[in-house]
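Residue-level structural notes
One-letter residues, chain by chain:
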Amino acid sequence: MKLIILGIQGSGKGTEGKLIAELYGLKHISTGDLLRKEVIEKTELGKEISSYIDKGNLVPDELINKIFLKNLPKDKFILDGYPRNLSQAEFLEKVNPVEKVIFLELPEQEVYHRLGLRVQCKKCGAIYGLNVKPKKEGICDKCQSILERRKDETPEAIKKRIDLFKKETLPLLKFYKSRVIRINGNQTVEAVFEDIKKLLQ
Ligand code: AP5
Ligand code: MG
């Protein structure tokens, strides 16, 4: 199985991507998580990356493609956050084309609501928010590390990310045409997951 999960910011790519990966035994590849890992580890590359992502800009294709390829297995994967523009989609098509693209649809006003409540584990990447609350506030259920807000959750950076999504990422729906599965992302996490499972069969 080779999948992409696509959708506007906060539509649940990370949340549903992890559930799908667990159910079907896939590797969940979130390019956002890979980039944030470099930043946390304070590598030279991390410094360059944070100058792009903190403001909500895209990391240049050449750089992201290198990081992405290093983490891409031959089969059994779900991509979250990649490809994000036509040039990345064309690159992926050459190196390892996917079978299906899950597109999570969510109204824009819901994005601000969800991102305003999201916290993420710095260590294991677990996501909490609106309807997934940690048992102990501010502490990850899975690895007991501290939960944090992301640096790109300022109103300016969120607006930039949404604008870039519309301009650069939405055209991918035309690129993938019949491989796209549309899912109503404006339901509970469980209901979205049920719809995905039904449509993947
Ligand atoms: P990335 O980390 O991919 O961020 P994003 O695309 O902006 O998407 P988000 O992670 O914000 O949203 P999500 O859809 O994963 O939602 P989540 O499941 O967390 O990218 C970050 C940056 O990295 C980019 O801006 C760019 O700079 C760079 N980058 C990454 N990939 C790149 C690439 N290919 N090329 C160039 N640059 C790249 O859910 C959100 C919240 O909602 C959570 O709190 C969750 O608990 C909650 N939630 C989820 N589902 C539901 C539900 N059904 N009901 C209620 N609440 C829900
Ligand atoms: Mg995400």
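Summary of the structure given here. (Residues numbered from 1 in each chain as written. Chains lettered and ligands numbered in written order. Predicted model: local features only at pLDDT ≥ 70, side-chain atom pairs only at ≥ 80, totals over all residues. Heavy atoms only, no water.)

Focus: the nonpolar core
Within soluble globular proteins, side chains that are nonpolar generally end up buried alongside one another. Core analysis: the biggest nonpolar cluster contains 32 residues, and I4, L79, L92, V98 and Y176 have the highest contact counts within it. The element contributing the most residues to this core is helix α4 (residues 61-71), with four residues. Listed in part, the 14 residues of the second largest apolar core include L3, L104, I181 and I183. (Core = buried A, V, L, I, M, F, W, Y, C linked by side-chain atoms within 4.5 Å. Buried < 20%, exposed > 50% of the residue type's maximum accessible area, 1.4 Å probe, protein only. Helix = DSSP H or I, 4+ residues; strand = E, 2+ residues; numbered from the N terminus.)

Focus: the site of ligand 1
Neighbouring ligand 1 are 35 residues, the closest being T15, N57, R84, R118 and Q187. Between ligand 1 and G12 there is a distance of 3.1 Å, counted from an oxygen atom to a backbone nitrogen or oxygen. For ligand 1, whose free accessible area comes to 1100 Å², the fraction covered by protein is 98%. Sorting the residues of the shell around ligand 1 by element identifies α1 (13-24), α2 (31-40), α6 (108-117) and β6 (127-128) as the ones contributing at least two each. The leading source of residues in the shell around ligand 1 is α2, at four residues. A class-by-class count of the residues in the shell around ligand 1 yields twelve nonpolar, 15 polar and eight charged. (Near = heavy atom within 4 Å. Polar contact = N/O pair within 3.5 Å; in protein donor to acceptor, adjacent residues only side chain to side chain. Areas by Shrake-Rupley, 256 points an atom, 1.4 Å probe, with all protein chains shown as cover. Nonpolar A, V, L, I, M, F, W, Y, C, P; charged D, E, K, R; others polar.)

Description of the packing of aromatic side chains
Under the criterion given, the structure shown has two aromatic pairs. Between F68 and Y82, the aromatic rings sit 3.7 Å apart at their centres with planes inclined by 15 degrees, giving stacked as the arrangement. Note that F68 is positioned in helix α4 and Y82 in the loop between β3 (77-80) and α5 (86-95), a separation of 14 residues in sequence. What makes F68 buried here is its relative accessible area of 0%. Summarising the aromatic geometry, the rings of F175 and Y176 are spaced 4.9 Å apart at their centres and angled 85 degrees between planes, so their arrangement reads as edge-to-face. For F175, a relative accessible area of 24% translates into the label partly exposed. Of the residues examined, Y176 reaches a relative accessible area of 3% and is grouped as buried. (Phe/Tyr/Trp six-rings, centres within 6.5 Å; stacked < 30°, edge-to-face > 60°.)

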